[in-house]
Amino acid sequence: MSAYIASLVSVVGINMILALSLNIITGFCGQVSLGHAAFYGIGAYAAAYLAKLGVGLPLTLLAGAVMAGAIGLVVGLTSLRVRHDFLAVTTMGIGFVFLGFVRKQKWLGGELGISGIPGPGLDPVTYALLIAAFAVAVIAFSLWVKQSWMGFTFDAVADDEEAARTVGVNVSIYKLTAFGIGTALAGLAGGLYVYFARIILPDTFDFVQSIAILTMVVIGGTGSVWGVAAATIGLTLLPELSRAAADYRLLIFGAMLMLVMRFSPAGLAGMIRRRSPA
Amino acid sequence: MLVVELAAKGLVYGCMYAMMAVGLTLVYGLLRILHIAHAGVFALGAYMTVTVANATGHLALGFAAATVVSALAGIAIYRLAYQPILQHSAFVPMVVSIGLFIVMQEGFRMIFGAYGIAFDTNPWYVANIGVAGINLTYVELAMVVVSVVLLVGFGLFAGLTRAGIGWRATVTDPQMATSFGVDPVRVRYVNFLFGSALAGIAGGLVGLLNNYVEPTMGAAVSYKALAIIVLGGLGSVRGTLIASLVLGVVESFGAIYLADIFDRDAIGFLFLIVVLMVRPQGLLGRG
């Protein structure tokens, strides 16, 4: 595997974990989040800070995931308090509060971020395979959740919260669980990104990044594990195909969001499902 | 005098937020859509103002162009982007709105360049006037005057005219209003027309205020306008106006006293999150 292929595998793997983690919150449990990049960033900053202190890779990845998950639970608590439409705005707000905070912190490098992060101690190819292994594990985990009792309950909460409550589902616990798992996985992706990029900038985790993650979920088909996985690979590799696609990446993302919602709100997965006889 | 000065500057920004947020509230009240692409209309208004003003040498023509083009853009957005998908859950129009916003922002970048445009002449940018011991530039004063005039005008329209009453009836109960002969589709057009024109004018004024128009200028303002309509209780015009002014002032003080911890753009959302934890229905909303 060449260095170029290894870097592609790393980026696809990290995006895969991000998209599937948001899919657990938005797709499975029906809770809109427009600030997912913040949790990616929290994981990355936590891992980068510890790595600079000389802490080893397994522990920094774990710390990133735990930190993001813990803050994700707090945001989950907000989701219990506010109406559905409010949640889109509060989660968007989390993203801005996170960026506004790290930009002003000298000990986190301020606008310049954290650079000079030590390597993972593995050669790039092995590290890419490690990321790929994590991504595969997240796919497997998502598939398992989807057909588990918890997955059915998520579905019920997403479909009709009141009805779920009526039949005795503790809606709050399930929402918090979805937020906790989803944000912790985003934190893991952040930690993996740190050792791949060796430098982190606040702008990597901005609103546009949140929307890019959401685009992968929506285009793949909100809630569909295979759809989201396929869309992630396609959208991540798209800028590699041509120079024009790289220059107009955001324009293409925006246009795709509009067109997919207009013609197939269930995304790629919905299109395929419609083709095959029911 | 710092406190008074900060409060005054905060109110100036609050007036600008109000012009933005009223349009969002109108759209939400009528269609339950979080109209994120409103930010695109705001930036469109700013670009129209600066390009037409620079080309013709008349600022008034710039604002006229901004008003007309923004209003038309609003109508086009409703007709082409939202109307075909109204039957879906709120998630679908919201995602469309995000997509549209990104397309507009990238469009501005492609057409007008990634770097900003300044006004050729902007005398009001520096000229200032002392009112009761507070120094305001002419642009800041214009922001307050224009927003008050437009919003009061809108209040009179909604309260006194036949069309305004029909519009309020539609927001309260679309079905009942329809059975009394109000055309709900026309109400929606008026809604987008008015809200978008306001956003476009606000964009032009912000362009003057910073003497700078750039592709991403809509982003921060529009996110804050979303925070404001949530603070105001979503769908309540009075709540929105109050929340706009409150947020303007909170931000103005926060940007000074919290400068070491958060940047300006984060303060509005921090305030939003704190308020929502205490009052999940918003500042004025009812549980």
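Cut-offs applied
- Position numbers for residues start from 1 in each chain and track the written sequence from start to end.
- Key to labels: chains lettered from A, ligands numbered from 1, both in the order written.
- Two thresholds apply to this predicted model, a pLDDT of at least 70 for residue-level local features and 80 or more for giving and counting side-chain atom pairs, whereas whole-chain, interface and lining totals are computed over all residues.
- Numbering goes from the N terminus for both helices and strands, where a helix is a DSSP run of H or I of at least four residues and a strand is a run of E of at least two.
- Here the globule rule reads 2.2 Å times residues to the power 0.38, and the radius of gyration is calculated from C-alpha atoms.
- With C-beta atoms placed from the backbone, the exposure class of a residue follows from how many other C-beta atoms lie within 10 Å of its own: 20 or more, buried; 12 or fewer, exposed; in between, partly exposed.
- Remark: residues whose backbone-derived C-beta atoms lie within 7 Å of one another are considered to be in contact.
- Gly is placed with the polar residues, together with every amino acid not listed as nonpolar (Ala, Val, Leu, Ile, Met, Phe, Trp, Tyr, Cys and Pro) or charged (Asp, Glu, Lys and Arg).
- By our criterion, buried Ala, Val, Leu, Ile, Met, Phe, Trp, Tyr and Cys residues that link up through C-beta atoms within 7 Å make up a nonpolar core.
- A score from 0 to 100, pLDDT tells how confident the predictor is in each residue.

1. Some remarks on the overall build of chain A
- Tallying secondary structure elements over chain A gives 13 helices and zero strands in all.
- When the elements of chain A are put in sequence order from the N terminus, they spell out α-α-α-α-α-α-α-α-α-α-α-α-α.
- Scaling as 2.2 N^0.38, a compact globule of 278 residues should have a C-alpha radius of gyration of about 19 Å, and chain A matches this with 18 Å.
- For chain A, the spread of C-alpha atoms along the three principal axes comes to 50 × 40 × 30 Å.
- Going through the 278 residues of chain A one by one, you find that 53% of them count as buried.
- Across chain A, every contact between residues at least 6 apart in sequence was considered, and the portion connecting residues at least 24 apart equals 80%.

2. Points about the interface of chain B and chain A
- Counting residues at the interface gives 35 residues for chain B, matched by 30 residues for chain A.
- Only α4 (91-112), α9 (217-231) and α11 (264-278) of chain B provide two or more residues apiece to the side of chain B that touches chain A.
- Considering each element in turn, the side of chain B that touches chain A owes the most residues, eleven residues, to α4(B).
- Its residues placed into classes, the side of chain B that touches chain A shows 29 nonpolar, two polar and four charged.

3. Quick look at the nonpolar core
- I17(A) and M20(B) are the most contacted members of the largest nonpolar core, which totals 193 residues.
- Examining the composition of this core, we find that 17 residues originate from one element, helix α1 (residues 2-31) of chain B, more than from any other.
- Beyond its immediate chain neighbours, meaning those up to four positions away, I17(A) contacts F134(A), A135(A), V138(A), L185(A), L188(A) and A189(A).

4. Observations concerning the confidence of the model for chain B
- Of all residues in chain B, 98% attain a pLDDT of 70 or more, and the chain-wide mean is 86.
- Across chain B, helix α3 (residues 59-82) of chain B holds the top mean pLDDT of 94, while strand β1 (residues 128-131) of chain B sits lowest at 72.

5. Concerning the environment of S21(A)
Residues and elements named next belong to chain A.
- Tracing the backbone shows S21 in helix α1 (residues 3-28).
- Given 30 C-beta atoms within 10 Å, S21 falls into the buried group.
- Sequence-distant contacts of S21, that is, excluding residues within four places in its chain, are made with G182, L185, A186 and A189.

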